[in-house]
Amino acid sequence: MRFVMLLAALFWATTTVAAPVFTDAPTKVAQAASSNSNDDDEDEPVKSPAPTGTTTTAPAKTPAKTEDKKPAAAATPAAATEAKPADGEDQMRLVSGAPLFNPNVAVHIVEKKDHPDVGRLEAVLYAVTAQINGKFTQHFGTQGGLVWHLNENFGLQVTGGGNWYNEESSLNSELAEKVAATAQAATALLLTWGVMGGVEVTPIYGKFALFESTLAHFSIVVSGGAGVGGSRLMLKAANATQDATYGDMGLRFLTGIGLGFRLQVSDHFALRFEVRDTVYTARADRVNGCNFDDLAALQKQADQSQPLRAVADAGKLSGSCNWEKFDGVDTAGVKRSSDLTRAKNLVKDLSSDVINNVSFFLGASFLF
Amino acid sequence: MNRTTLRIIGCLAVAMMSTQARADDEDAALVEKVAVRNRLYSVAGRWELGANVGISLLPRLTEHYNLNLAVGINVADWLAFELRGGYAISRHTSLADDVASKFFANTSISKIKDLADLWQMAHNAVLGVRFQPIYGKLNLTAEVPVHFQLYVWVGGGAGLFKRESLVICGNHSGSDCGDNYFVQGLSAGDIGGAIKPVVSLALGFRFFIANHHAIKLEARDWSYLDSYYEGIDRATLVGSDEAAIQRAGGQLSPNAGITNLVQFDLGYSFIF
């Protein structure tokens with residue numbers, strides 16, 4: 001008899017847990033169908049009374065749809081031993097504190113993150129970065145990055161990479177060809193590579209459904225940082241016989257802000273779609289490290305068909321001037337000193353600008 | 001308590017734990033199912049009326065401010081048809097004006113090639129389909145969930161265009177030309193009709209702010225055929241009409257291509 005009573009008590013306990021008809025649920029559903037909640041779910045006319053712990057037979061005013069009449073917990077022993085609830089009772093049933101069988105209930109579900117980020121390291125590969133505001137320049141590149149999520153909404157970030165395509169835009173070429181005009185040197189500065197460190201904030205988290213089924217989780221990512229990058233300037237456009245030539249314009253201080261989506265594919269993988277604005281100052285006062293006086297001295301030497309080294313050996317150049325870049329011939333057999341005129345004119349017509357390089361970043365990340 | 005009792009208790013404990021886990025899983029699945037199924041804002045079968053303002057994302061030689069009205073029907077939660085029409089206020093950019101003044105001041109160029117992408121859209125009307133399969137929620141703050149749809153819009157129609165050349169000017173003096181080659185109206189001549197077919201694509205979000213109100217943010221591309229003259233002998237060009245251009249050797253460029261006008265659109269919809 002003692003065994004039977006014990007068995008009955010345990011069985012009762014089991015069924016009570018398995019079929020939580022009226023339980024005060026944990027916060028799986030953050031905003032249940034409370035009568036005075038401030039949530040948007042308020043807009044829906046939920047007719048269920050607050051949980052009282054007693055069964056009620058008051059029917060909901062809106063009939064449940066056919067598919068709604070199959071409670072998910074029906075497979076549990078408790079439900080199997082009970083008669084199938086009537087529609088009204090079915091709609092009153094609380095699951096995790098909310099009457100989820102009621103078709104009028106919209107559940108506010110965005111507060112629980114299925115894939116928490118806190119304490120995790122995220123490695124990001126931006127396979128393609130493409131400039132989207134290229135008036136006089138056009139950049140395409142590839143970048144990588146690391147994000148250390150200090151907490152759910154804040155992380156430290158390092159990003160770096162190179163622009164494997166950095167050229168003047170088709171508009172600049174068209175202006176040069178048709179109206180003999182080009183953008184100022186500083187405005188047409190090309191960014192070859194860059195490394196930036198900063199922070200990443202994810203203030204907004206959400207979920208969306210594709211059609212009526214697949215759920216996906218996403219965050220809106222805001223980033224900001226500073227760093228350094230390399231720059232160059234086109235000296236001579238490409239033609240049928242010769243590649244374009246470029247002058248090194250030195251390191252630039254970079255700052256940047258970004259806004260984008262991080263779409264969580266699984267616990268370890270995410271996709272990123274971001275737009276970043278990289279801001280840098282451009283001042284065309286040196287080409288290949290040579291100032292106007294350096295370039296004038298080098299051109300005078302080149303015009304006299306004298307070796308450029310002689311000017312350097314005579315100590316007539318500034319210490320930063322990389323005169324070798326103008327020495328010798330290129331792969332097409334053209335003298336590099338032919339770039340001196342263009343370089344000198346660029347520096348002579350001193351120009352400066354603040355450039356906003358707005359780029360679209362498309363990438364994937366792995367969370368450790 | 002003998003061995004049999006312990007065995008029964010053990011079995012029941014295991015059964016209870018597995019039942020608990022299964023119930024939790026089923027509850028979680030049900031939460032997700034209900035959350036997806038029960039959209040707070042369902043638009044299926046509802047008409048909508050909207051207004052949009054678009055600004056050029058990358059103005060090069062022209063800039064546009066496009067004012068549109070739209071009427072649409074959501075045939076399903078994920079599909080809608082929309083008719084948009086309106087007028088774009090357009091003009092040359094300061095860069096274009098600068099290019100023109102420098103060209104007229106430069107007499108060393110003997111052959112005139114007009115610049116690409118100078119057609120300016122005025123009136124426009126397009127009919128399109130809006131594919132909106134993604135419905136989501138996000139938290140702006142802990143207590144303010146925002147419901148949205150992500151959509152792709154594809155459509156076509158026609159636009160009324162005008163074009164003012166930057167470099168073709170038969171009667172200029174100094175760096176100014178008060179009589180540029182200008183195309184407008186319905187009879188545009190060989191350069192092509194000022195009414196052009198237009199293809200429009202958009203990617204955007206629609207944020208629901210109440211059952212009948214939504215705010216739209218979208219990037220929209222308007223594509224249309226470009227056309228312009230080149231090979232004009234500057235010395236013999238007298239006058240700024242099409243006949244004068246052709247007398248001066250002007251020919252339509254065979255490589256004019258397509259102009260893409262990319263805009264950022266901010267819109268509002270009232271959903272009936």
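Residues numbered from 1 in each chain as written. Chains lettered and ligands numbered in written order. Predicted model: local features only at pLDDT ≥ 70, side-chain atom pairs only at ≥ 80, totals over all residues. Heavy atoms only, no water.

### Describing the overall build of chain A
Summing up its helical and strand segments, chain A has 7 helices and 8 strands in all. Relative to its full complement of 368 residues, chain A shows a buried share of 44%. Residue pairs at least 24 apart in sequence account for 70% of intrachain contacts in chain A once pairs closer than 6 positions are excluded. A total accessible area of about 17800 Å² is found for chain A, and carbon and sulfur atoms account for 60% of it. (Helix = DSSP H or I, 4+ residues; strand = E, 2+ residues; numbered from the N terminus. Buried < 20%, exposed > 50% of the residue type's maximum accessible area, 1.4 Å probe, protein only. Contact = heavy atoms within 4.5 Å. Areas by Shrake-Rupley, 256 points an atom, 1.4 Å probe, with all protein chains shown as cover.)

### Some details on the packing of helix α5 (residues 292–303) of chain A against helix α7 (residues 340–348) of chain A
Residues and elements named next belong to chain A. Relative to each other, α5 and α7 sit at 155 degrees, their axes nearing to 9 Å. As the angle between them shows, α5 and α7 are arranged roughly antiparallel. The two elements α5 and α7 cross, and the hand of that crossing is left-handed. Facing α5, whose interface residues are F292, L295, A296, L298, Q299 and A302, α7 presents L340, T341, A343, K344, V347 and K348. Grouping the amino acids of the contact of α5 with α7 by side-chain chemistry returns 8 nonpolar, 2 polar and 2 charged. (Axes fitted to C-alpha atoms, helices over the stretch in contact; angles between N-to-C directions. Parallel < 35°, antiparallel > 145°, perpendicular 65-115°, else oblique. Left-handed = near helix turned anticlockwise from the far one by under 90°. Nonpolar A, V, L, I, M, F, W, Y, C, P; charged D, E, K, R; others polar.)

### Here we look at the nonpolar core
Note that soluble globular proteins tend to have their nonpolar side chains buried in a common cluster. Counting residues in each nonpolar core, the largest one holds 55 residues, and the members touching the most others are L298 and F326 of chain A together with L166 of chain B. Broken down by element, this core gets its largest block of residues, 6 residues, from helix α2 (residues 94–105) of chain B. Setting aside residues no more than four positions away along its own chain, L298 of chain A makes contact with C290, L308, V311, L317, C321, W323, F326 and L340 of chain A. (Core = buried A, V, L, I, M, F, W, Y, C linked by side-chain atoms within 4.5 Å.)

### Structural notes on the state of the cysteines
Residue and element names in this part refer to chain A. Here the structure, examined in full by the defined rule, presents 1 disulfide over all chains. Bridging C290 to C321, the disulfide has an S-S length of 2.0 Å. The chirality of the disulfide connecting C290 with C321 is right-handed, given an S-S dihedral of about 80 degrees. Here C290 is found in the loop between β7 (269–283) and α5, whereas its partner C321 is found in the loop between α6 (309–313) and α7, with 31 residues between them in sequence. On the accessibility criterion, C321 (9% relative accessible area) is buried. (Disulfide = S-S within 2.5 Å.)

### Describing the pairing of strand β2 (residues 62–76) of chain B
All names here are of chain B. Alignment of strand β1 (residues 47–56) against β2, held across 9 bridges, turns out to be antiparallel. Pairing of W47 across the sheet is with I73, part of β2. Counted between consecutive antiparallel strands, the loop separating β1 from β2 contains 5 residues. As paired strands, β2 and strand β3 (residues 79–92) are joined by 14 bridges and run antiparallel to one another. Within the sheet, the bridge partner assigned to E63 lies in β3 and is R91. Between β2 and β3, which follow one another and run antiparallel, lie 2 residues. (Pairing = 2+ DSSP bridges.)

### Things to note about the pattern of salt bridges
Under the counting rule described, the total for this entry stands at 23 salt bridges over all chains. One salt bridge in this structure joins R91 of chain B and E63 of chain B, with 2.7 Å as the shortest N-O distance. Of this pair, R91 of chain B sits in strand β3 while E63 of chain B sits in strand β2; the two residues are 28 residues apart in sequence, bridging distant segments of the chain. Overall, R91 of chain B belongs to the partly exposed group, its relative accessible area being 49%. When the shortest N-O distance is used, the salt bridge between R84 of chain B and E218 of chain B registers 3.2 Å. Of this pair, R84 of chain B sits in strand β3 while E218 of chain B sits in strand β9 (residues 213–225), and the two are 134 residues apart along the sequence. E218 of chain B matches R84 of chain B in its accessibility class, with the two residues each being buried. Linked by salt bridges that have partners in common, D117, E122, E200, R262, R272, E274 and R276 of chain A make up one network. (Salt bridge = Lys/Arg side-chain N within 4 Å of Asp/Glu carboxyl O.)

### As for the confidence of the model for chain A
Residue and element names in this part refer to chain A. Scored by pLDDT, chain A comes out at a mean of 73, with 70% of its residues at no less than 70. The element-level mean pLDDT for chain A is lowest in helix α2 (residues 77–81), coming to 38, with strand β1 (residues 121–131) highest at 93. Counted against residues more than four places away or in other chains, residues 13–86, with its pLDDT under 50, gives 124 contacts. (pLDDT = per-residue confidence, 0-100.)

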